[in-house]
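Observations on the model geometry
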Amino acid sequence: DTEVTQTPKHLVMGMTNKKSLKCEQHMGHRAMYWYKQKAKKPPELMFVYSYEKLSINESVPSRFSPECPNSSLLNLHLHALQPEDSALYLCASSEQGAGGANVLTFGAGSRLTVL
Amino acid sequence: RKEVEQDPGPFNVPEGATVAFNCTYSNSASQSFFWYRQDCRKEPKLLMSVYSSGNEDGRFTAQLNRASQYISLLIRDSKLSDSATYLCVVNRGYGQNFVFGPGTRLSVLP
């Protein structure tokens, strides 16, 4: 069982819909991440939150809007997506400590299809 | 040139074979290194962290050469269940900048 929980596992949406992906972790990790993964490609970083503040935005289009309501939760709000946004969206978390190696722990992912 | 590069693969090996994966990274400031495995349509899972002294976990051995900016993973006595994509991951510091290599696909054949 993964310690990072993502919902929903599958999502199909139209280009005019608004939907959200959710992620939760209870490991006390203070950094949370959204990655996008297309088939046969490695995960691509989208956003990083550190101590509930957005610390990295990899020039992601504004139709993707992240939110970190508290240290355990991370959301990704989706609006006016394009078919090419169809992918596996992975949430991850890591400790946020200096001097030691942070290790990413991934959730099982939300598979998004945009029609 | 990509910041993290891996053998292009795929590797098709018989059960019981020894297989080695290579990874190079270009950012000399990189501080921590990992191997993840990813099964088809699943999330990446940590296989092992890689330390300068090298480390071993059962059939798996990881090595790091900071001078050459090179990481390796050796799998001995391959099992069918080792079939997966192996991702080399480098952290540019001790923070949140994880960079993924493109991955190398391994198929272990009966």
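Up top is the structure.
Residues numbered from 1 in each chain as written. Chains lettered and ligands numbered in written order. Predicted model: local features only at pLDDT ≥ 70, side-chain atom pairs only at ≥ 80, totals over all residues. Heavy atoms only, no water.

The subject of this paragraph is the overall build of chain B. Counting secondary structure elements, chain B contains zero helices and 11 strands. Helices and strands in chain B line up, N terminus first, as β-β-β-β-β-β-β-β-β-β-β. Its C-alpha atoms give chain B principal-axis dimensions of about 40 × 30 × 25 Å. In chain B, the share of contacts with a sequence separation of at least 24, taken over all contacts with a separation of at least 6, comes to 56%. For chain B, the exposed surface amounts to about 5,200 Å²; the carbon and sulfur share of it is 49%. The distance from the centre of the 12 positive side-chain charges to the centre of the 10 negative ones in chain B is 5 Å. (Helix = DSSP H or I, 4+ residues; strand = E, 2+ residues; numbered from the N terminus. Contact = heavy atoms within 4.5 Å. Areas by Shrake-Rupley, 256 points an atom, 1.4 Å probe, with all protein chains shown as cover. Lys, Arg positive; Asp, Glu negative; His and termini not counted. Charge placed at Lys NZ, Arg CZ, Asp CG, Glu CD.)

This part is about the interface of chain B and chain A. If you look at the interface, chain B gives 20 residues, while chain A gives 26 residues. Around 1,700 Å² of area is buried between chain B and chain A when both sides are counted, 57% of it from carbon and sulfur atoms. If you look at where chain B meets chain A, you find two residue pairs in polar contact (both at pLDDT 80 or more). Broken down by secondary-structure element, the contributors of at least two residues to the side of chain B that touches chain A are strand 4 (32-38), strand 5 (44-50), strand 9 (84-91) and strand 10 (98-100) of chain B. When residues of the side of chain B that touches chain A are assigned to their parent elements, the largest contribution, four residues, is made by strand 4 of chain B. Tallied by class, the residues present in the side of chain B that touches chain A amount to nine nonpolar, eight polar and three charged. (Buried area = accessible area lost by both parts, 1.4 Å probe. Polar contact = N/O pair within 3.5 Å; in protein donor to acceptor, adjacent residues only side chain to side chain. Nonpolar A, V, L, I, M, F, W, Y, C, P; charged D, E, K, R; others polar.)

All right, on to the packing of aromatic side chains then. Taken as a whole and assessed by the stated rule, the structure comprises 14 aromatic pairs over all chains. Ring centres of A:Y33 and A:Y35 lie 6.2 Å apart, and the angle between their planes is 20°; on these two criteria the pair is classed as stacked. The residues A:Y33 and A:Y35 share a single accessibility class, namely buried. Between the aromatic rings of B:Y36 and B:F100, the centroid separation amounts to 6.4 Å while the plane-to-plane angle is 50°, which identifies the pairing as tilted. Separated by 64 residues along the polypeptide, B:Y36 in strand 4 and B:F100 in strand 10 bring together distant segments of the chain. Using a relative accessible area of 10% as the deciding quantity, one classes B:F100 as buried. (Phe/Tyr/Trp six-rings, centres within 6.5 Å; stacked < 30°, edge-to-face > 60°. Buried < 20%, exposed > 50% of the residue type's maximum accessible area, 1.4 Å probe, protein only.)

Residue and element names in this part refer to chain B. Read from one edge to the other, the open sheet built from five strands follows the order 1-3-8-7-6, with strand pairing classed as antiparallel. Across the chains shown, the open sheet's two edge strands, defined by having one partner strand only, are strand 1 (4-6) and strand 6 (55-57). Strand-to-strand twist in this sheet, taken as the mean axis angle between neighbours without regard to direction, amounts to 15°. By the bridge criterion, six bridges tie strand 3 (residues 19-25) to strand 8 (residues 70-75) in an arrangement that is antiparallel. Counterpart to A20 in the pairing with strand 8 is L74. (Pairing = 2+ DSSP bridges. Axes fitted to C-alpha atoms, helices over the stretch in contact; angles between N-to-C directions.)

What follows deals with the state of the cysteines. Evaluation of the coordinates by the stated rule reveals two disulfides over all chains. Each disulfide pairs two cysteine sulfurs, and for A:C23 the partner residue is A:C91, the sulfurs being separated by 1.9 Å. Linking A:C23 and A:C91, the disulfide has an S-S dihedral of approximately -75° and is accordingly described as left-handed. Taken together, the residues span a long stretch of sequence, with A:C23 in strand 3 (residues 18-25) and A:C91 in strand 9 (residues 87-94) at a distance of 68 residues. Overall, A:C91 belongs to the buried group, its relative accessible area being 0%. Residue pairing for B:C23: its cysteine sulfur links by disulfide to B:C88, the two sulfurs lying 2.0 Å apart. Across the S-S bond of B:C23 and B:C88 the torsion is about -75°, and the bridge reads as left-handed. Taken together, the residues span a long stretch of sequence, with B:C23 in strand 3 and B:C88 in strand 9 at a distance of 65 residues. Here A:C68 stays free of any disulfide, with the sulfur of A:C91 as its closest cysteine sulfur at 9.2 Å. By relative accessible area, which is 12% here, A:C68 ends up buried. (Disulfide = S-S within 2.5 Å.)

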